[in-house]
Amino acid sequence: MKAIITLVCILTLTNLCQGLTLPSGFKKCDKTKSDFNPCLSTAIQGAIQQLKEPQTEYGLPTLDPFVGPDDMIVEYGDETTGLRQKYTSFKFNGLTDVTSTSASFDFSTKTLHLNITFVEVVVEFDYQISGWFILYPVNVSTTGSCTLIKPLFKLAFNLEEYEFEKQSHYRVAGGGKLNFFPEAIIFDYKDIFKKGSLTEEINKGMSENWKIVTAYWQGMFPRLFMDVFEEIFDELLKRVPVPDLFDGL
Ligand SMILES: *[C@@H]1O[C@H](CO)[C@@H](O)[C@H](O)[C@H]1NC(C)=O
Ligand SMILES: *[C@@H]1O[C@H](CO)[C@@H](O)[C@H](O)[C@H]1NC(C)=O
C-alpha cells in the first residue's frame, strides 16, 4: 500500500503526501453557519451516492456493491454440543440507494452521528454450518442473503485530531457504533437441508421473526461491520486535512 501511494505521488505529482482537497463532487460545509448540520447531511448523502464509482485517489472503494475484505468473518458456536456457523465473503448491495441522511458533528467531542435510511440493503455471504440440529447431523457449505427492507443505520464515529506535515488531520479513534433498524428482513439461506422445503420453512420462520433476530444479532455483535466502515472513513481522513474538510474553522 505504501509503495502504491509513493508511486501515485511520483506519477501524478499531486500533493497526496501533503494532503488532498475533498473529491470534486463532495460538498464542503461551513462550521460557522447555522445550517452546518443540514449541510453536512446533504454532503454526506451526496458523497455516499457518488461512491457508485470508487474514488481510488482517496482510498475509497465502490460502495455498491461493496465487497467486504477477506478478514470480514463472523464465526460462532460449538459443533460438538450444537452448531458452529461461519459467515465469509460478504457483499453488500444497495448502500448507495440512500433515501435520507441526518448528520451531526460535534467539534468539541469530535463525534460524528449519522442516521442513514436506505431503500433496501442486500447482504450476501458464504455460509458454513456444522454440528447437530437436535440430533440431526448438519455439515453444509453454502451461500445465503439477508435483505433489509428500508433500514435505518445509526452510526457514530469517534474522531481524534493530530498533526501531519504541519497540517491538522482527523483520524477514526475507534469504538464507533452501528445499529440498524429495518422495517423487515427477508432471509434466504440456500440448501441447508437436503429437503428443500425444510430450508424454505426455516427461512420463512426467520423472516417472520426478523425483530427477534435483529435484537439477537445486535446483542451478539454490537460492532458488526463497524471496523470496516471505520477503516474506509479513515482512508479519506488520512488524505484530506481538516481545513479542507470544513470551511469557517
Ligand atoms: C438520529 O435519530 C435519533 C432518533 O431515532 C435522534 O435522537 C438523533 O438525534 C438522530 N441523529 C441525527 C444525527 O440526526
Ligand atoms: C464437514 O465436511 C467437511 C468437508 O466438506 C469435512 O472436512 C469435515 O470434517 C466435516 N465435519 C464434520 C463435523 O463432519
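Here is what the cut-offs are and how they apply
Residues numbered from 1 in each chain as written. Chains lettered and ligands numbered in written order. Predicted model: local features only at pLDDT ≥ 70, side-chain atom pairs only at ≥ 80, totals over all residues. Heavy atoms only, no water. Helix = DSSP H or I, 4+ residues; strand = E, 2+ residues; numbered from the N terminus. Contact = heavy atoms within 4.5 Å. Buried < 20%, exposed > 50% of the residue type's maximum accessible area, 1.4 Å probe, protein only. Arc of directions from axis to C-beta. Near = heavy atom within 4 Å. Polar contact = N/O pair within 3.5 Å; in protein donor to acceptor, adjacent residues only side chain to side chain. Areas by Shrake-Rupley, 256 points an atom, 1.4 Å probe, with all protein chains shown as cover. Pairing = 2+ DSSP bridges. Disulfide = S-S within 2.5 Å. Expected span 1.5 Å × (residues − 1). Salt bridge = Lys/Arg side-chain N within 4 Å of Asp/Glu carboxyl O.

A. View of the environment of Tyr 170. Along the chain, Tyr 170 falls in strand E10 (residues 167-172). Apart from the residues within four sequence positions on either side, Tyr 170 is in contact with Phe 105, Phe 107, Lys 110, Leu 159, Glu 160, Glu 161, Tyr 162, Leu 237, Lys 238, Val 242, Leu 245 and Phe 246.

B. Seen up close, helix H4 (residues 210-220). Looking only at H4, the buried set comprises Trp 210, Val 213, Thr 214, Trp 217 and Gln 218. Looking down the long axis of H4, one finds its buried residues gathered within 125 degrees of arc, a one-sided arrangement. Structural note: H4 exposes Lys 211, Ile 212, Ala 215 and Gly 219 on the side pointing more than 90 degrees away from its buried face. For H4, the elements touching its buried residues are strand E3 (74-77), strand E4 (83-93), strand E11 (177-181), strand E12 (184-189) and helix H3 (196-208).

C. Spotlight on the site of ligand 1. Neighbouring residues of ligand 1: Ser 102, Ala 103, Ser 104, His 113, Asn 115 and Lys 154. Between ligand 1 and the protein, one listed contact pairs an oxygen atom with a side-chain N or O atom of Ser 102 at 2.4 Å. Lys 154 is positioned with one of its side-chain polar atoms (N or O) 2.8 Å from an oxygen atom of ligand 1. Coverage of ligand 1 by the protein amounts to 48% of the 360 Å² it exposes when considered alone. Put simply, the parts of the chain that give the shell around ligand 1 at least two residues each are strand E5 (98-106) and strand E6 (111-118).

D. Layout of the pairing of E6. For E6, a buried count of 6 out of 8 residues is recorded, marking the element as mostly surrounded by other parts of the structure. The antiparallel pairing of E5 with E6 creates a hairpin that spans 4 residues between the two strands, and Lys 110 there sits at a positive phi of about 55 degrees. The pairing of E6 with strand E9 (residues 152-164) spans 7 bridges and is antiparallel. By the bridge assignment for E9, Ile 116 is matched with Phe 153.

E. Seen up close, the state of the cysteines. Within the structure shown, the criterion is met by 1 disulfide. Across the disulfide, Cys 29 is cross-linked to Cys 39 (sulfur-sulfur distance 2.1 Å). Across the disulfide from Cys 29 to Cys 39, rotation about the S-S bond amounts to roughly -85 degrees, and the bridge is consequently left-handed. On the criterion of sequence distance, the pair formed by Cys 29 in strand E1 (residues 29-30) and Cys 39 in helix H2 (residues 36-50) is long-range, its members being 10 residues apart. Residue Cys 29 is classed as buried on the basis of its relative accessible area, which comes to 2%.

F. Here's a closer look at H3. End to end, H3 covers 18 Å across 13 residues, agreeing with the expected 18 Å (1.5 Å per residue, within 8%). Within H3 the residues assigned to the buried category are Thr 199, Asn 203 and Ser 207. Taken end-on, H3 shows its buried residues confined to a sector of 70 degrees, consistent with a single buried face. Facing away from the buried side of H3 by over 90 degrees, the exposed positions are Glu 201 and Glu 208.

G. Inspection of unusual backbone geometry at higher detail. In this structure, Pro 65 follows Asp 64 across a cis peptide bond, with omega equal to 0 degrees. Residue position: Pro 65 is located in the loop between H2 and strand E2 (66-67). One non-glycine residue, Asp 191, adopts positive backbone phi at about 45 degrees. Looking at the secondary structure, you find Asp 191 in the loop between E12 and H3. Given the relative accessible area of 58%, Asp 191 is considered exposed. Phi is positive for Phe 225, which is not a glycine, with a value near 70 degrees.

H. Expanded view of the pattern of salt bridges. All chains considered together, the criterion is met by 13 salt bridges. Salt-bridge contacts for Arg 84 lead to Glu 75; the nearest nitrogen and oxygen are separated by 2.8 Å. A relative accessible area of 42% places Glu 75 in the partly exposed class. One salt bridge connects Glu 160 with Arg 171, and the closest N-O pair in it is separated by 2.9 Å. Of the two residues, Glu 160 sits in strand E9 while Arg 171 sits in strand E10, which places them 11 residues apart along the sequence. Owing to a relative accessible area of 33%, Glu 160 belongs among the partly exposed residues under this scheme. Residues joined by salt bridges that share partners form a network here, namely Glu 75, Glu 79 and Arg 84.

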